[in-house]
Amino acid sequence: MALMPVADALAQILADAAPLEAEREPLDAAHGRVLASPVIAGRSTPAADVSAMDGYAVRAVDAGVGAVLNLAGESAAGRPWPHAVQPGQAVRIFTGAVLPAGADAIVIQEDTTRAGDRVTVLEAAQPGRHIRRAGGDFAAGSVVLPAGRRLSARDLALAAAADRAEVEVIRRPVVGLVSTGDELVRPGTGANAHQVILSNIYSVGALAREAGAEVRDLGTLPDDDAATRQALRAALDAEVDILVTTGGASVGDHDLVAPSLTALGVDLAVHKVALRPGKPLMFGRHGASRILGLPGNPVSAHVCALLFLVPLIRRLAGHAAAPCLPLAPGRLAAGVKANDQRMDFMRAEILGEKDGIALVRPLPVQDSSMLSVLARADCLLVRAPFASAGMEGDRCDIIRLED
Ligand SMILES: Nc1nc2c(c(=O)[nH]1)N[C@H]1C(S)=C(S)[C@@H](COP(=O)(O)OP(=O)(O)OC[C@H]3O[C@@H](n4cnc5c(N)ncnc54)[C@H](O)[C@@H]3O)O[C@H]1N2
Ligand code: MOO
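The rules behind each value
- Every chain's residues receive numbers from 1 upward, in the order its sequence appears when written.
- Chains and ligands are labelled by the order in which they are written, letters from A for the one and numbers from 1 for the other.
- In keeping with the predicted nature of the model, local features appear solely for residues at pLDDT of at least 70, side-chain atom pairs appear and are counted solely at 80 or more, and the whole-chain, interface and lining totals rest on all residues.
- Residues are classed as near a molecule or strand if the C-beta position derived from their backbone is within 6 Å of it.
- Residues are grouped as follows: Ala, Val, Leu, Ile, Met, Phe, Trp, Tyr, Cys and Pro are nonpolar; Asp, Glu, Lys and Arg are charged; every other residue, Gly included, is polar.
- Should DSSP find at least two bridges between two strands, the strands are regarded as paired.
- The numbering of helices and of strands both runs from the N terminus, where a helix is a DSSP run of H or I of at least 4 residues and a strand a run of E of at least 2.
- Each domain's limits were defined by an automated method or a database of domain assignments.
- To define axes, lines are fitted to C-alpha atoms, for helices over the stretch in contact only, and angles between the resulting N-to-C directions are given on a 0 to 180 degree scale.
- An angle counts as roughly parallel when it lies under 35 degrees, as roughly antiparallel when it exceeds 145, as roughly perpendicular when it falls between 65 and 115, and as oblique in every other case.
- Each crossing gets its hand from how the near helix is turned against the far one by less than a right angle, where anticlockwise is left-handed and clockwise is right-handed.
- Our contact criterion uses C-beta atoms placed from the backbone: two residues qualify when those atoms are within 7 Å.

Draft legend 1. Broad picture of the site of ligand 2. Close to ligand 2 lie Arg276, Pro277, Gly278, Lys279, Pro295, Asn297, Ser300 and Ser368. Its residues assigned to classes, the shell around ligand 2 shows 2 nonpolar, 4 polar and 2 charged.

Draft legend 2. A look at the pairing of strand β20 (residues 282-286). Examined bridge by bridge, strand β18 (residues 267-271) and β20 share 4 bridges and lie antiparallel to one another. Residue histidine 271 lies in a different strand from β20, and its bridge partner there is methionine 282. Alignment of β20 against strand β21 (residues 289-294), held across 5 bridges, turns out to be antiparallel. Bridging from a neighbouring strand, methionine 282 pairs with glycine 293 of β21. Linking β20 to β21, which pair antiparallel, is a turn of 2 residues; within it glycine 287 sits at a positive phi near 60°.

Draft legend 3. Summary view of the domain arrangement of the protein. With domains assigned, the protein is organised as domain 1 (6-17 + 172-316), domain 2 (22-45 + 136-170), domain 3 (50-132) and domain 4 (328-400). Centre-to-centre separation of domain 2 and domain 3, based on C-alpha positions: 35 Å.

Draft legend 4. Focus on the sheet that holds strand β6 (residues 89-93). The 6 strands lie next to each other as β7-β4-β6-β5-β9-β8, forming an open sheet whose pairing is mixed. Only two strands of the sheet have a single partner each, and these edge strands are β7 (105-108) and β8 (112-115). On average, adjacent strands in this sheet sit at an angle of 40° to one another, irrespective of strand direction.

Draft legend 5. View of the packing of helix α1 (residues 6-14) against helix α6 (residues 298-316). Between α1 and α6, whose axes approach to 10 Å, the crossing angle comes to 30°. Considered as vectors, α1 and α6 are oriented roughly parallel to each other. The handedness of the crossing between α1 and α6 is right-handed. Residues Leu10, Ile13 and Leu14 of α1 form the contact with α6, whose participating residues are Phe308, Pro311, Leu312 and Arg315.

Right, here's the structure in full:
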C-alpha cells in the first residue's frame, strides 16, 4: 500500500485548522493563552504624577544648595497630601506617592538634613527630577497588548496594571485520549508479565497540555469490535475537539481503530504515512471533531504527537504559525546508512555544539517500543526519504527534544 509523504499528512491534518472561538478568562487562567481581542488600558499608569524616590517634594526654584524649607506635610503611596506646596515649603514624599500640586521636583532624602520641621537642601533640585509623569508607562485607552499575542507572565501583570481583571482569549482545544488494548494496565497496579503498562497517555497528554490543550483521559478500550465502535462514538459525542487514540492502528486482527472509525462514517484522509516511527498514523474528521489515530508503540506515539498533534493544537489554540517541523542544524558525529522510503526520525544524542550547530550521534538502538532510548535522546535526527548514506562530519537536520 502506498504510504503518504509526511508533508502531505501534515497538510491534511492542518487543513482548515483555525483558532477556536473566544472566551473571557480571569488573568490567572490566561497564562500562555492567545488574546482574541486587544487589551485596552482602562486607566493611565501612573494615573497621576508620582515620586520615583523617597525624599521631599519641592518647588525647584526654592530649593537651591543651602536653602532651608518648612516641612508642610507628607504624601505617601495611597495617602496623597491634599494641598498645594507654597513658596518656601517642602512636603515629605515616598516612592510611588502622588506629587502634590505646586511641586515640580523631588530632592532625595540623602541630599537633605532635617531638624524638626526644617529641611536643609544639600544638592540643588532640578525641575522634573525623580518624577514619574502620569501616563508615562501607558495611557488610558491605549492598546497595551494586541490581539494574537500569547500571554506571557509579564503580560498578565501589564493587563492587571491596565485595570483588566479578565481578558478575551481563544478557547483551549479539548483533547480526549483513548487507549486501546486488552494488555494495558495502569502504572502501579500490579501488572502481570503478559500485560503492558499504559504509558502513552502520559507523554502524549503532557505534550498536548504544553501545546495549549485541555486534556481528558477517556479510558482504555478492550480489543473488541463492538465495544471499540461504541466507545469511539461515545468519545466523539463527548464533544472533544481532537480525539486521540493510541494503539490498534496497524494491520493485525486486533487493530480495530480504523475499521471502527470507518464504520462511524469517518473518512480517513490520512492512513499510513511514509514515516518511521509512526507508519500506521491515521487522521479523519467527524463533524467539528478531528481524530488522530496514533500507533501503540510508545516511541511512535510520542513522535507522532510531536509532529502532528502539537501543531494541530497550536493552530486551534490560535498560536502564530510556527514551522511544523522545527528543524535545527546539526552535524553527524557518526555515519548513518542510506534511508528507504520512510522519512526517519532517529533518536539521537547531542555530543556538543559548535557555532550553534549540534554534533549529533544516533543512538545504537532505534526500536520504536523502547522508552529508555527515547528518554535518553536529546534530539531526533531527521532523515529524508531515500537519503543517501551520511558520513561523519556531514550536515544534517535535527529536531531538539525540549519537552
Ligand atoms: N504486519 C505488520 N505489522 C505491523 C506493522 C505493519 O505495517 N505490518 N506496523 C508496525 C508498526 S510500524 C507499528 S508502529 C506498530 C503499531 O501498531 P498498533 O498501532 O496497532 O499498536 P498495537 O499493536 O496496539 O501496540 C503496539 C505495541 O505498543 C503497546 N501499546 C499500545 N498502546 C499502548 C499504550 N497506551 N501505552 C504503552 N504501550 C502501548 C502494545 O502493548 C504493543 O506492545 O505495528 C507494527 N506491526
Ligand atoms: O512506525 Mo512503527 O512506529 O516503525 O514502529
